[in-house]
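# Overview (structure and organization)
One-letter residues, chain by chain:
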Amino acid sequence: MLVAPLEATADGRPVRGALALAPPRSGEDFEDEDAALVALVAARAAAAAASVEERGLLSRTRARNVALGEEKARAERESAEKTRLLAAASHDARQPLQALRLFLGALEASAAEPSQRELARKAQLATLSLQQSLDALLDEARLEAGVLAPRVEAVALASAFAELEATFAPLARAKGLALEVEPSDALVESDPALLRSILQNLAANAVRYTDAGRVRIAARAVDDEPGAARAGGAGDPRVEIEVADTGRGIDGEELRDVFDAWQRGESARGDAAGLGLGLSIVARLAAALGHDVEVDSSPGEGTRFRVRVPRARGAPLADGPGARIAASARADASEGARALVLVVDDDAAAREALAAMLGHWSCDVAAAATARELIEAHSSRAPAVALLDHALAHGTGFDALAELEAAFGPLPAALVTADAGPDVAARAAERGLPLLRKPVLPVQLRAVLASLLDGR
């Protein structure tokens, strides 16, 4: 009997066998040619089996690749859908908040009795708390959805600090606190929107958990040195932004978990405001940006947060737009008297609220859903300033500004919008347009308006 080994692979596993051939008649011997033929048949059988397996493997590989491609496409569709959903949620939630905040500002300005003004001011503070909770939830949702894409550029701390001061000064005054914002001409490398979110969360916590004394916001150049409790990364040369308070403080055990989500320590007990997300968002945004965040605190002795941000190349802005806004935020905006301000916003409530607020500053206001309506109604008078929403039903705020400038010539303008993503912010920066994110505080609006009118 002739026996030839047969080896092949099936389903990725080796299979071994043999091909056996008995002689035609018992006792006969095989010739050499017979042995060679049996070996050839065994080899071809093994090759055929290997070919079948290879085709099966290729087929399974193709099927897996198709499945992976479909899974990737599905994940991309889900990510895009999450991005659209978050953008829509942000826009739709901020629009009524914008109208509410400005109507309350107009109500406070027109109230005859001190008690009425006090009620309007308290309602504005409640609206501010609502906005901060909304911002925290939206930031958390973006982080969880993985749709956060930092866009790092040079950021002037003068503008960031002016916005912090405008936002939190009313809340600090209501609690009898001193809010000290030290002027800074530093330029840092960061994403302006994300850095704003970090600093606003820190400032909100400082004001919320300080019952007496002060909250201080300042910046200084530092060398790289170790910190206490820390989140994020380090860079050098850097600018250290400090938010310090004389508040309730945090004990050592709670301090270790201070950057965890949904954490509210003993110092927050009995305080209805806040979701426990603010410091978690600070840590995660800092990590995304490569910034370093650290904290020192003791119960009853206050808390000090430090955010270390890479210093931007180039000369500091001694008197850039942020510095002008910071100065004008503390000044009276009477320079807007009788100036014609154009408002383009397709949300009727937001448009009416903005017009009502501007009217209390002795401005002449023309508001419409489109630039074309304003051009047709006010072609005989040159406007002084335009305030534009970005996400309009027909085009964008940039399109509306182009129409207005085609009719009236170069026009100082600012975007007042809930759609303040990195692309919008970058394009506004390229055009030199101030960007106010809805819901905007009246003092912020007043400061930007004064700055625009001053720069005509």
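For the structure, check the block above.
In this report, we go over the structure that sits alongside the text.

## Some points on the side chain of Gln200
Its place among the elements puts Gln200 in helix α4 (residues 192-208). Since its relative accessible area comes to 12%, Gln200 is described here as buried.

## Focus: the sheet that holds strand β13 (residues 385-388)
Within a sheet, neighbouring strands are paired by backbone hydrogen bonds and run either parallel or antiparallel to one another. Overall, parallel pairing links the five strands, which are arranged β12-β11-β13-β14-β15 in an open sheet. Of all strands in the sheet, those with a lone pairing partner are β12 (364-368) and β15 (435-437), marking the two edges. Along the sheet, successive strands turn relative to each other by an average axial angle of 20 degrees, direction set aside. Lying over the sheet, helix α8 (residues 348-359) contacts β11 (340-344), β12 and β13, oriented at roughly 175 degrees with respect to β12. Most of the contacts of helix α10 (residues 397-408) go to β13, to which it runs at about 160 degrees, and overall it touches β11, β13 and β14 (413-417).

## Observations regarding the packing of α4 against helix α6 (residues 278-289)
Closest axis-to-axis distance for the α4/α6 pair is 9 Å, and the angle between their directions is 150 degrees. On the basis of the axis angle, α4 is roughly antiparallel to α6. Crossing angle aside, the handedness with which α4 passes α6 is left-handed. Only Gly278, Leu279, Ile281, Val282, Leu285, Ala286 and Leu289 of α6 make contact with α4, whose side of the interface consists of Leu194, Leu195, Ser197, Ile198, Asn201, Leu202 and Asn205.

## Thoughts on the packing of helix α3 (residues 157-174) against α4
Axis separation between α3 and α4 bottoms out at 10 Å; the angle between their running directions is 30 degrees. Between α3 and α4, the angle falls in the class roughly parallel. Between α3 and α4 lies a crossing whose hand is right-handed. Facing Leu157, Glu163, Leu164, Thr167, Phe168, Leu171 and Ala172 of α3, the residues of α4 in contact are Leu195, Arg196, Leu199, Gln200, Ala203, Ala204 and Val207. Among the residues making up the contact of α3 with α4, the classes are represented as 10 nonpolar, two polar and two charged.

## Points about the pattern of salt bridges
Scanning the entire structure with this criterion turns up 17 salt bridges. The salt bridge partner of Arg306 is Glu294, with a shortest N-O separation of 2.8 Å. Of this pair, Arg306 sits in strand β10 (residues 303-310) while Glu294 sits in strand β9 (residues 292-297), placing them 12 residues apart in sequence. The class for Glu294 is buried, based on a relative accessible area of 2%. Through salt bridges with shared partners, a single ionic network connects Glu182, Arg216, Arg220, Glu240, Glu242, Glu294, Asp296, Arg304, Arg306 and Arg308.

Calculation notes
- Residues numbered from 1 in each chain as written.
- Predicted model: local features only at pLDDT ≥ 70, side-chain atom pairs only at ≥ 80, totals over all residues.
- Heavy atoms only, no water.
- Helix = DSSP H or I, 4+ residues; strand = E, 2+ residues; numbered from the N terminus.
- Buried < 20%, exposed > 50% of the residue type's maximum accessible area, 1.4 Å probe, protein only.
- Pairing = 2+ DSSP bridges.
- Axes fitted to C-alpha atoms, helices over the stretch in contact; angles between N-to-C directions.
- Contact = heavy atoms within 4.5 Å.
- Parallel < 35°, antiparallel > 145°, perpendicular 65-115°, else oblique.
- Left-handed = near helix turned anticlockwise from the far one by under 90°.
- Nonpolar A, V, L, I, M, F, W, Y, C, P; charged D, E, K, R; others polar.
- Salt bridge = Lys/Arg side-chain N within 4 Å of Asp/Glu carboxyl O.

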